[in-house]
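Architecture at a glance
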Amino acid sequence: MKTTKKVFITIGILTGLSLIFLVYLDLTETNKSQKAHVGKVKDMIVDGKLEGYNSLQGLELDSPLIVKGKKLSSENKLLWVDGIEGNGIPDGYTLSEFEITKVIKDETGRNLKENAHIQIAEAAFYNPQENANVHSNGYILMKKGKEYLLFLAKNESSDILKVRGTVFGKLPLEGNDLELIDKGDKVINYNSNTYEQDSLVLKVLNEAQDKYK
Amino acid sequence: MKKAMISLALFVVFSSFLLTNSSKAYVIYPDSKQKKYTNPTALTYHVASSASDFVSVSAKGTSAWNPSAKVEWRGAVSQPGVADLVITYDANQNPSAETVAQCFYSSTNLQKRIVFYKKYFELNNSVKKTETAVHEVGHALGLDHTQESNNSIAVMRQYGFNETLTPLSDDWTGVYRVY
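Below: a short report on this structure. (Residues numbered from 1 in each chain as written. Chains lettered and ligands numbered in written order. Predicted model: local features only at pLDDT ≥ 70, side-chain atom pairs only at ≥ 80, totals over all residues. Heavy atoms only, no water.)

**Re the pairing of strand β7 (residues 147-153) of chain A**
Residue and element names in this part refer to chain A. Basically, it comes down to this: Here the term buried applies to any residue with accessible area under 20% of the maximum for its type, exposed to any over 50%, and partly exposed to those in between, with areas from a 1.4 Å probe on protein chains only. Where helices and strands are cited, they refer to DSSP runs of H or I of at least four residues and of E of at least two residues respectively, numbered from the N terminus. Following DSSP output, two strands are said to pair if at least two bridges run between them.
Burial analysis of β7 places six of its seven residues in the buried class, the great majority of the element. The pairing of strand β2 (residues 65-79) with β7 spans six bridges and is classified as antiparallel. Directly across from Lys70, in β7, lies its bridge partner Glu147. Pairing between β7 and strand β9 (residues 170-172): three bridges, direction antiparallel. Looking at β9, one finds that Leu149 is bridged to Leu171.

**Some remarks on the packing of aromatic side chains**
All names here are of chain B. Our working rule: What counts as a ring pair is set by centres within 6.5 Å for rings of Phe, Tyr and Trp (its six-membered ring), and what kind of pair is set by the plane angle: stacked under 30 degrees, edge-to-face over 60, tilted for all other angles. Comment: the charge-over-ring label is applied if NZ (Lys) or CZ (Arg) is within 6 Å of the ring centre and within 35 degrees of the ring normal.
Applying the stated criterion to the full structure yields 12 aromatic pairs over all chains. A ring pair is formed by Phe54 and Phe121, whose centres lie 6.0 Å apart and whose planes are at 10°; its orientation type is stacked. Residue Phe54 is located in helix α2 (residues 54-63), and its partner Phe121 is located in helix α3 (residues 118-122); the two are separated by 67 residues in the primary sequence. Connected via pairs of aromatic rings, a cluster forms that spans Phe54, Tyr89, Phe116, Tyr120 and Phe121. The aromatic ring of Tyr120 is capped on one face by Lys129, whose charged end is 5.2 Å from the ring centroid.

**A look at helix α4 (residues 126-140) of chain B**
Residue and element names in this part refer to chain B. Definition in use: Given the number of residues in a helix, its expected span is that number minus one, multiplied by 1.5 Å. Throughout this description, a polar contact denotes any pair of N or O atoms lying within 3.5 Å of each other; where both atoms belong to protein, one of them has to be capable of donating a hydrogen while the other can accept it, and for residues adjacent in sequence the pair is counted only when both atoms sit in side chains.
End to end, α4 covers 21 Å across 15 residues, agreeing with the expected 21 Å (1.5 Å per residue, within 8%). For α4, the tally of buried residues reaches 13 of 15 residues, placing the bulk of the element in the interior. Residue Asn125 occupies the N-cap position of α4, its side-chain oxygen lying 3.0 Å from the main-chain nitrogen of Val127. Positive backbone phi, approximately 115°, marks Gly142, located one or two places after α4.

**Focus on the sheet that holds strand β6 (residues 132-136) of chain A**
The condition is simple: With axes taken as lines fitted to C-alpha atoms, and helix axes fitted only over the stretch in contact, angles between N-to-C directions fall between 0 and 180 degrees. We call two residues contacting when some pair of their heavy atoms lies within 4.5 Å.
Read from one edge to the other, the open sheet built from eight strands follows the order β5(A)-β6(A)-β1(A)-β5(B)-β6(B)-β4(B)-β2(B)-β3(B), with strand pairing classed as mixed. Only two strands of the sheet have a single partner each, and these edge strands are β5 (124-127) of chain A together with β3 (73-76) of chain B. Geometrically, the sheet is characterised by an average inter-axis angle of 25° between neighbouring strands, direction not taken into account. Where strand β1 (residues 42-49) of chain A meets strand β5 (residues 101-104) of chain B, three bridges bridge the pair, whose relative direction is antiparallel. Paired with Asp47(A) across the bridge in β5(B) is Cys103(B). Each of β2 (43-47), β3, β4 (85-89) and β6 (112-116) of chain B is contacted by α2(B), which is oriented at about 160° to β2(B), the strand it contacts most. Relative to the sheet, α4(B) contacts β1 of chain A together with β3, β4, β5 and β6 of chain B, its axis offset from that of β1(A) by approximately 155°.

**Considerations on the environment of Lys118(B)**
Among the structural elements, Lys118(B) can be located in helix α3. Residues Lys118(B) and Thr99(B), 19 residues apart in the sequence, show an inter-C-alpha distance of 8.5 Å. Those residues within four positions of Lys118(B) in sequence are excluded, and the remaining contacts are Glu156(A) and Tyr89(B). A polar side-chain atom of Lys118(B) sits 3.1 Å from a polar atom in the side chain of Glu122(B).

**Digging into the interface of chain B and chain A**
Stated formally: Two parts placed together each lose some accessible area; with a 1.4 Å probe, that loss summed over both constitutes the buried area. Here, a salt bridge means any Lys or Arg side-chain nitrogen found within 4 Å of an Asp or Glu carboxyl oxygen. Under this grouping Gly is polar, as are all residues other than the nonpolar Ala, Val, Leu, Ile, Met, Phe, Trp, Tyr, Cys and Pro and the charged Asp, Glu, Lys and Arg.
With 52 residues of chain B in contact, the opposing surface of chain A contributes 54 residues. For the pair chain B and chain A, the summed buried surface comes to about 4,400 Å²; carbon and sulfur atoms form 48% of the total. In terms of surface lost to chain A, no three residues of chain B exceed Pro95(B), Glu98(B) and Tyr159(B), which account for 17% of the buried area on that side. Connecting chain B to chain A are three salt bridges. When the shortest N-O distance is used, the salt bridge between Arg164(A) and Glu98(B) registers 3.0 Å. Seen at the junction of chain B and chain A, the total is 25 residue pairs in polar contact (both at pLDDT 80 or more). At the level of elements, α1 (2-22), β1 (27-28), β5, β6, α3 and α4 of chain B are the ones that each hand at least two residues to the side of chain B that touches chain A. Residue composition of the side of chain B that touches chain A, grouped by class: 19 nonpolar, 22 polar and 11 charged.

Rendered as structure tokens:
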């Protein structure tokens, strides 16, 4: 009887450990470019001036391509502003392979269909000098395997597409998390630690959720 | 009982006052994010691009902050290594760029770097271009984007423009707070 009890306890512990391990693997798999980094990776928000959008309609009109789909893979890209590798503060982006599951609007002239693969430049990257993930205006990289609605724009010199309005043009379609960096604990306010929500982005994304989700 | 009621009323009024103020204020970068300049009255910049009107826009964007008395940009230098701020154009044409410009920083160096992107050239007037430069220099000085309720009194608004060539009241208060 005692032996049976021990066996059950051991199985229970092993099952628990296996589950924790599987959850850990799932979490670390979300971003390949971050997986190999050693030590604690910081988050750096680089602030830029954006024209922004006041409504979903404006975003739709300004986006030649609107699609649903999933990210398959990604590659970190560094750009050395002075043209000399390792010199100065790097800029960069993440080049992501994306599979389309539904085309909502296509004015790119590429006649994109379901299951087509496109390349998207995302406005976040890993900076090895700082051991930090750099987020342009708080943009968070898409997670692999998760479904997104994207408002995209063309680049003149290549087929690589970009997310329109950076934080405006990417909407996760699974769950309620809008994947925007909460700046609440990253800023110091004049006389409090509160931070007003980025209501313009939330307004546009909420409109997109109501229409497309 | 009466005293308790008066105390409660005063507390409510005082709290409302604090909350109102806290939601209408500029935002400053914490030191853990971006180090502020240690010698803010002797700042220099370097323009690393000869593209278009960058030289004059850089001069306007920096000198616009000089009336604060806490900050003085003394002009351009030819060597990027000695400059407090490097201003350049995105010659690499970052394919993800949707911003007009961005201000980069390092955790180990006081020097900041402003990169103007292709969107800058798509702005349809020179006032917006200068406002962008003033805005980015504000980041270099330690100001984050202001809260949205302050948009009309701040060049540090994240989205859109006020069509101004100089910092506005919220920005001045902010830079006085930083230095």
